[in-house]
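# Descriptive structure summary
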Amino acid sequence: FTWIGFYPGKVSARVNRKLASHTMGTVRDLYIIADPSVHRGVHMVNEAAGGSGGANVWYVKLPGSGLVLYFAGADVRAGEELLTCYSRTYMKRPYSVPKACADPRCVAAKHRAHSGLDQAPLEWRE
């Protein structure tokens with residue numbers, strides 16, 4: 001796997017509803033709120049929507065740190081869009097998501113509810 005980077009932003013104990021689309025939850029009931037004026041970084045990775053090639057980037061929420069680490073879960077060609085699965089707990093979407101997900105934590109048509117490292121495949125933790 002190729003590590004891409006950490007989700008950037010300010011860690012907060014409260015959700016900022018105005019910036020919900022730029023907010024990532026962590027395993028410590030904290031939220032990372034990215035600055036929407038910053039146009040480069042893993043906070044710009046979109047969710048694989050229906051009709052896309054599927055997720056090629058996965059992430060894990062690291063225990064005890066409030067950090068979320070993104071990595072390439074498949075080979076990514078130059079110029080290819082980075083796409084991930086936001087999980088089934090993400091806010092109501094205005095778009096459809098694929099029933100089959102490339103993220104190994106999602107089983108069949110059921111997207112995962114958690115993204116903690118403890119639920120990740122063993123090879124991710126090594």
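So, here's what we can say about the structure.

### Points about the packing of aromatic side chains
As enumerated under the stated definition, the model contains four aromatic pairs in all. Each ring, one from Tyr 7 and one from Tyr 70, has its centre 6.3 Å from the other, and the planes form 25 degrees; the classification is stacked. On the criterion of sequence distance, the pair formed by Tyr 7 in the loop between strand 1 (2-6) and strand 2 (10-12) and Tyr 70 in strand 7 (residues 67-72) is long-range, its members being 63 residues apart. Across the pair, exposure class does not vary: Tyr 7 and Tyr 70 are buried alike. Note on Trp 58 and Phe 71: the rings are 6.1 Å apart at their centroids and 85 degrees apart in plane angle, and the pair reads as edge-to-face. Of this pair, Trp 58 sits in strand 6 (residues 57-62) while Phe 71 sits in strand 7, and the two are 13 residues apart along the sequence. We note that Trp 58, like Phe 71, is buried. Among the aromatic residues, those joined into a cluster by ring pairs are Trp 3, Trp 58 and Phe 71.

Basis of the calculations
Residues numbered from 1 in each chain as written. Predicted model: local features only at pLDDT ≥ 70, side-chain atom pairs only at ≥ 80, totals over all residues. Heavy atoms only, no water. Phe/Tyr/Trp six-rings, centres within 6.5 Å; stacked < 30°, edge-to-face > 60°. Helix = DSSP H or I, 4+ residues; strand = E, 2+ residues; numbered from the N terminus. Buried < 20%, exposed > 50% of the residue type's maximum accessible area, 1.4 Å probe, protein only.

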